[in-house]
Amino acid sequence: MAISVKDIQHFSNAKTETERYFLAEEKRIEGNPEQALTNHYSSDCSQFHVGIWQSAGGKWNVNYTEHEYCDILEGCSIIRDADGNSLTVEAGDKFVIPAGFQGTWEVVEHCKKVYVIFEQN
């Protein structure tokens, strides 16, 4: 089956449902931020995903098993590694978090990002 223009996933035309949730208690460090995930695309092999993620203020533990490209659209967050080194990211910043990263993610100001995830088998 050939892939055509009609198979292209255009975010602005998508009727994708947004999943709203709160983090598991064991991950939370500060606050109980409501988060929202709008996954616009997942590959047939379920290893590649693209969408929009949002979160209210809070801080939680992260453990990346996937590689993630992020494009911050709104807000400000601080990402810290297990040694306490930090990276502040805000609107306009684009970066990749490699699989294996462990640390914390802190949303200082409501954060919205485009994510592109690749989960290696």
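Per an unreviewed UniProt entry, the protein goes by (S)-ureidoglycine aminohydrolase cupin domain-containing protein and derives from Shewanella khirikhana.

Caption draft 1: Quick peek at a nonpolar patch on the surface. Where nonpolar side chains cluster on the molecular surface, the patch consists of Tyr41, Phe48 and Phe118 and spans about 250 Å² of accessible area. By secondary structure assignment, the location of Tyr41 is in strand S3 (residues 34-42).

Caption draft 2: Focus on the packing of aromatic side chains. Counting across every chain of the model gives 4 aromatic pairs. Between Trp53 and Trp60, the aromatic rings sit 6.3 Å apart at their centres with planes inclined by 65°, giving edge-to-face as the arrangement. Each member of the pair, Trp53 together with Trp60, is buried. With centroids separated by 5.7 Å and ring planes inclined at 75°, the aromatic side chains of Trp53 and Trp105 adopt a geometry described as edge-to-face. With a gap of 52 residues between them, Trp53 in strand S4 (residues 48-55) and Trp105 in strand S9 (residues 102-118) connect regions that are remote in the sequence. Residue Trp53 shares its accessibility class with Trp105, and that shared class is buried. Cluster of aromatic residues (ring-pair linked, three or more members): Trp53, Trp60 and Trp105. Positioned over the ring face of Trp53 is Lys113, at 4.7 Å from the centre of the ring.

What counts, and where the lines are drawn
Each chain has its residues counted from 1, following the order in which its sequence is written. Per-residue local features of the predicted model are confined to residues with pLDDT of at least 70, and side-chain atom pairs are confined, for both listing and counting, to 80 or more; whole-chain, interface and lining totals are unaffected and use all residues. Only heavy atoms go into the side-chain values, all of them from the structure, while hydrogens and water stay out. Patch definition: residues with relative accessible area over 30% and no salt bridge; like charges joined within 9 Å; nonpolar side chains (Val, Leu, Ile, Met, Phe, Trp, Tyr) joined within 5 Å. Using a 1.4 Å probe, the Shrake-Rupley method yields the accessible areas, and only the shown protein chains count as cover for residues. Definition used for salt bridges: Asp or Glu carboxyl oxygen within 4 Å of a side-chain nitrogen of Lys or Arg. A run of H or I in DSSP counts as a helix once it spans at least four residues, and a run of E counts as a strand once it spans at least two, with each numbered from the N terminus. Aromatic contacts are taken between Phe, Tyr and Trp rings whose centres are within 6.5 Å, Trp giving its six-membered ring; a plane angle under 30 degrees counts as stacked, one over 60 as edge-to-face, and the others as tilted. For every residue, the accessible area obtained with a 1.4 Å probe (protein chains only) is divided by the maximum for its type, and the residue is called buried under 20%, exposed over 50%, and partly exposed between those limits. Counting as a charge over the ring demands two things of the Lys NZ or Arg CZ atom: a distance within 6 Å of the ring centre and an angle within 35 degrees of the ring normal.

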